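A look at the structure
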Amino acid sequence: MRLLSMMLVMAVALPGSGQGAGKKGKPQKGAAAVPDVPLSQQERAEQVLSRFTFGARPGDVERVMAQGVDAWLEQQMTPEKIADWVVERRLNDLPTIRMTPEQALTIFPDRGTVGQVADGKRPYPVDPLLTSVYQVQVYKLNAEKESKTAPHVELTDAEKDAAKKVDQATAARIAGALFALPKKERMAALNGMPVLDRIAFANNVAGDQKNTLMADFTPRERETVLAMQGGVGSQGRIGDELSQAHVLRQVLSERQLQEVMTDFWFNHFNVFMSKDSDQWYTPTYERESIRPHALGKFRDLLLATAESPAMMIYLDNWLSIGPNSIANGVNPANPKSKKGNKGLNENYGREVMELHTLGVNGGYTQADVTQLASILTGWSVDKPGQGEPFLFDEKKHEPGTRIWLGYSIDEDGKVKAAPGGAENLKRDPLPKVQIDAKVPVGMRQGLAALTILAAAPQTAHFICYLIAQRFVADEPPPALVDRMAKSYLDSDGEIKTVLRTLVASPEFNSRRYFRNKVKTPQEFLASAFRATATDPQNPGAMVGKLRDLGQPPYQKLEPTGYYITADHWMNTGALVDRLNFADQLTHNKFANQKFDANRVLASGLMADRGTVAEGSSLRAKAIAVSSGGDVGSDVALRVLEETLIGAPLSAKTDQFIRGQMAGVADGNPTETLNLLTALLIGSPEFQVR
């Protein structure tokens, strides 16, 4: 009843709830009228932290005010100079995020790789840890094949339970044997056991035995156990590790601007990790194509994504073959040679204009889509099933000069104005296209086309609209977008310059656009951990919670990426899920996550900005908190309110929380703090940034 009542409070209090929204890049309507008053210095610090981090931690506002908002932002714009040892230490437990696709696929083989080893077409690895994994995987594959040919026998529930108990007993016995050995000898001993014992252990060891053993294993040894779990093929572990790194970085990284922009650009250049070979290409895509360019120039980012196997596979460009290409059976020396039946795939050619650059109303035609698809033939992947890199395949490339968007582009990448096409996209002078002489002829044509797209005024406006939508409002002010687009064009698409224009704008620093953006699920989850200074001890459970909330990392099927406007995230089911999570987290019922409301309260008392209650008098009253009485509850509410939200609650939320606190048993200060914290994390005010 508490959660349902709070949900009703939230439903009428959240900004943007009930507003309609169109596709990505389309504005909402009906924004509430708020006075256009400049922010105070403290509010400006809060605004920057709420937009360019995944949530302020206790004391962050004070630190940014002391450093200066602009100085803090400039520091964040050079992430390589910011020490980040806490998150780096945690990421050491997830080695696949730094591996090449080939390495990751070797350690966590898919069904095809296991089948090659089982059939003798590929040797067992020399590494003993990998050998153990492949022995288990081959055994499972062979057992699966045998079960298909053997007479089918359906086990009863009782028989299944009995078999499960046998496996659990085997796992417990093996765990006991491993505990008797020195830590360095345990994995070798496990790998020397029969395959069935290894399978039983990997899938059934549980509780304190599992936690202790896994903690004592090295990261590679833990991966070995994980690769033995489940059915045939273990490539899903690659995505699990990448997703865990995703939430750890958002909560723990000191390089928050880089994390926010990496997330923004990955969502913009979205790939669906579960599609085919992207299961092992996506970590490299984020690591090498997105993250290094997240604060650089847009052209470099666009080219990096275009030359990524992950993008070529996701949007099927690696399957695209020029109708008049050698790969389609055409002999250049014989114009009458017979063509095959292979042809263009227009998916990437369309999406790179509609979603990545010009926007759906960018002025291109279907003919331009076809021409760009022809230009980009040959942009492919070498042996994707084996994790090989991007490849420009000249045999697939459609030969000849292409007329596209009112430009003539030859195979050498030379650009001229051409009659017809999208006249509004032509620029005078022509875009500067500088291409390295080492780039193959044919590929130069594609590089020229992508350079033209990156430099287009329509691209500048579309990209700046999306950035303003992420950092200012679901319906960003047109004048601000125009100024940002000018900065984009004047700086040759430098992302840092665009962000500086945004942060210096009167709109960004106006109360009208303060605390007006509803948090997406990942922003809500990360901010709950950051606001309470809670160490994320189980990132896998956090990934699962994001799945429950509707935003699993790297799992957006459509190329649009996840929408970021309020109407896509605020509904009855979403509100209940968020409130339930807040209740679970603060009462130590979320995946064994340790939570300490007393520490949150202490952090607030030490910071004590004095903007909500009576300033330094909070400290004088702090001792009353421990009594659990009415005065203590009131002070605790005000301190936590300031710490978690940074602003007074609405009268309706405040009244509701006070009503809930009246039912808490006297003399239980811990429950008082836990409940207060849960209600504040679940409040309408915490759902916005």
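Residues numbered from 1 in each chain as written. Predicted model: local features only at pLDDT ≥ 70, side-chain atom pairs only at ≥ 80, totals over all residues. Heavy atoms only, no water.

**Some words on the overall build of the chain**
- Within the chain, the secondary structure is distributed over 32 helices and five strands.
- The burial tally for the chain puts 56% of its 689 residues in the buried class.
- For the chain, contacts bridging at least 24 residues in sequence account for 72% of all contacts bridging at least 6.
- With the model as given, the accessible surface of the chain reaches about 29,100 Å², and the carbon-plus-sulfur share is 54%. (Helix = DSSP H or I, 4+ residues; strand = E, 2+ residues; numbered from the N terminus. Buried < 20%, exposed > 50% of the residue type's maximum accessible area, 1.4 Å probe, protein only. Contact = heavy atoms within 4.5 Å. Areas by Shrake-Rupley, 256 points an atom, 1.4 Å probe, with all protein chains shown as cover.)

**Regarding helix α19 (residues 347-354)**
- Buried within α19 are the following residues: Y348, G349, E351, V352 and M353.
- Tucked into the core, α19 has its buried residues touching α17 (298-306), α18 (309-314), α20 (366-375), β3 (402-404) and α21 (443-455).

**Some details on the sheet that holds β3**
- With respect to topology, three strands assemble into an open sheet ordered β3-β4-β5, the strand pairing being antiparallel. Where the open sheet ends on each side, the last strands, each with one partner, are β3 and β5 (415-417). When strand polarity is set aside, the average angle formed by the axes of neighbouring strands in this sheet is 30 degrees.
- The strands touched by α21 are β3, β4 (407-409) and β5; relative to β4, the strand with the most contacts, the crossing angle is about 150 degrees. (Pairing = 2+ DSSP bridges. Axes fitted to C-alpha atoms, helices over the stretch in contact; angles between N-to-C directions.)

**Comments concerning the nonpolar core**
- F52, M261, W265, W379, W404, I467 and L499 are the most contacted members of the largest nonpolar core, which has 148 residues in total.
- In terms of residue count, the dominant contributor to this core is helix α22 (residues 457-471) (nine residues).
- Within the second largest apolar cluster, 20 residues are counted, among which are A171, I199, A202 and V225. (Core = buried A, V, L, I, M, F, W, Y, C linked by side-chain atoms within 4.5 Å.)

**Side note on unusual backbone geometry**
- At K383, a position not held by glycine, the phi torsion is positive, near 50 degrees.
- Secondary-structure assignment places K383 in the loop between β1 (379-381) and β2 (390-392).
- Positive phi is not limited to glycine here, since D492 has a value of about 60 degrees.

**A closer look at the side chain of N191**
- With respect to the element layout, N191 can be found in helix α10 (residues 183-191).
- Among all residues touching N191, those that are not within four sequence positions of it are P128, L129, S132, R198, T224 and M228.

**Here we look at the confidence of the model for the chain**
- Per-residue confidence for the chain gives a mean pLDDT of 89, with 89% of residues at or over 70.
- Taken as a whole, residues 17-31 scores under 50 in pLDDT and shows 36 contacts with residues more than four places along the chain or in a different chain.
- Residue range residues 611-629 is modelled with pLDDT below 50. Its contacts to residues more than four positions away, or to other chains, number 34 contacts. (pLDDT = per-residue confidence, 0-100.)

**Side note on the layout of surface pockets**
- In this structure, the largest pocket encloses a volume near 950 Å³.
- In terms of lining, the largest pocket is formed by 23 residues, of which the most central are M214, R222, Q244, Q537 and N538.
- For the lining of the largest pocket, the secondary structure elements donating two or more residues are α12 (207-216), α13 (219-227), α14 (236-252) and α26 (539-549).
- Within the lining of the largest pocket, the residues separate by chemical class into eight nonpolar, seven polar and eight charged. (1 Å grid on protein atoms, 1.4 Å probe; cavity = no way out; pocket = protein on both sides within 12 Å on 5 of 7 lines; lining within 4 Å. Points joined across faces, edges and corners; volume = space filled by probe spheres on them. Nonpolar A, V, L, I, M, F, W, Y, C, P; charged D, E, K, R; others polar.)

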